[in-house]
Amino acid sequence: MTQSWVEPFYRKQFEWMDQNVDRKDANAQLALEVKEQVGKPFRQMLDIGAGKGDVAKTLAQTGIEMTTLELVPELVDFARKRSGGLVTSYCGDFYTFELPQTFDVVSYLDGFGIGTDEDQLLLLQRIRNWMKEDGCALIDIYQPRYWQHVAGREMTVDSARRVYHYDAEEHRMVDSWWHPDHPEDKVTQSLRCYTLEEISDLCKLAGLSIVGFFPGGAMDFEEWRYSERVPLHECLSYRVKVKKTG
């Protein structure tokens, strides 16, 4: 089930971040990565946890029939206005919402790990059901060693302050945001981190197999520099490509 912190956190994050920043180049790069990682032409794609829908819109502009599923109504409304009708956007809970079709590709490009291992297993099973028999899914997984390393780091993001912590017992990154004028109004996300071996085992239980993985980037807080690609054991998250088994 979706945790109670999810909707308030992403609503506040949306409120505090500058929505006028031009991220076209970053969205175009991510869309290109998705196509390369899928590895073959495809027509229909579902993006869950789609946020403002920028990546979905970028892919739709290349001729992909895009559908998004997002929990927060404000984000869905924003995405619909920005997409100009290019994207079919649904507002609903990943664990209960019923979609009317299956897709060549399903993606969750940030945010996997919201609930318990049992919740993640249920979501992987749902992702499997949303995939066509010859389809695939791309899922971003938070990498535990990175979040252990950056615990305690604090920074400014647009109009908000942000601090990282790591729950070693539960293997979760803990990310708290607040507005400097209202430090008592703090919101926090908590996401389960998985090693490649752990997420592989969970995928197997869901009837999925990992057929590819793609390390992401990492922030060097000493140099205040972000590297787009680093080794698996150093990245903040990595992407797995999964297909149905059996």
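Trainee: Any chance you could explain the sheet that holds strand β9 (residues 182-192) here in plain terms?
Mentor: Strands belonging to one sheet form pairs held by backbone hydrogen bonds; the direction of such a pair is parallel or antiparallel. The strand order β6-β7-β8-β9 describes an open sheet built from four strands, whose pairing is antiparallel. In this open sheet, the two strands that pair with only one neighbour each are β6 (154-157) and β9. Strand-to-strand twist of the sheet, defined as the mean angle between neighbouring strand axes without regard to direction, takes the value 25 degrees.

Trainee: Just checking my understanding: could you explain the environment of V105 for this structure?
Mentor: Inspection of the secondary structure assignment puts V105 in strand β4 (residues 103-108). Taking the relative accessible area as the measure of exposure, V105 reaches 1% and is therefore buried. Along the backbone, V105 and R43 are 62 residues apart, and their C-alpha atoms lie at a distance of 8.5 Å. When sequence neighbours within four positions are dropped, the list of residues in contact with V105 reads V38, F42, Q44, M45, L46 and C136.

Trainee: Honestly, empty space enclosed by the protein in this entry has me stumped. Any pointers?
Mentor: Over the atoms, a rolled probe matching the size of one water molecule traces out where space is still vacant. Scanning the entire structure with this criterion turns up one cavity of 30 Å³ or more. Reported here for the largest cavity is a volume of approximately 30 Å³. Forming the walls of the largest cavity are G53, A56, K57, T68, A79, S83, V87 and S89. Elements with a minimum of two residues in the lining of the largest cavity: α3 (54-60), α4 (73-83) and β3 (87-91). Among the residues forming the lining of the largest cavity, the class breakdown is three nonpolar, four polar and one charged.

Trainee: In this structure, what is going on with the pairing of strand β7 (residues 160-167)? I would like to understand it.
Mentor: It is a general feature of regular strands that their side chains alternate between the two faces of the sheet. As paired elements, β6 and β7 share four bridges and run antiparallel to each other. Residue pairing for β7: V157 is matched across the bridge by A160. Joining the antiparallel neighbours β6 and β7 is a turn of two residues, in which D158 adopts a positive phi near 50 degrees. Inspection of the sheet shows β7 paired to strand β8 (residues 172-179) by seven bridges, in the antiparallel sense. Note that in β8 the partner of H165 across the bridge is V174. Once β7 ends, the chain turns through four residues before running back antiparallel as β8, passing H171 with a positive phi of about 60 degrees.

Cut-offs and rules
Residues numbered from 1 in each chain as written. Predicted model: local features only at pLDDT ≥ 70, side-chain atom pairs only at ≥ 80, totals over all residues. Heavy atoms only, no water. Pairing = 2+ DSSP bridges. Helix = DSSP H or I, 4+ residues; strand = E, 2+ residues; numbered from the N terminus. Axes fitted to C-alpha atoms, helices over the stretch in contact; angles between N-to-C directions. Buried < 20%, exposed > 50% of the residue type's maximum accessible area, 1.4 Å probe, protein only. Contact = heavy atoms within 4.5 Å. 1 Å grid on protein atoms, 1.4 Å probe; cavity = no way out; pocket = protein on both sides within 12 Å on 5 of 7 lines; lining within 4 Å. Points joined across faces, edges and corners; volume = space filled by probe spheres on them. Nonpolar A, V, L, I, M, F, W, Y, C, P; charged D, E, K, R; others polar.

On their own, these measurements won't tell you what the molecule is for.
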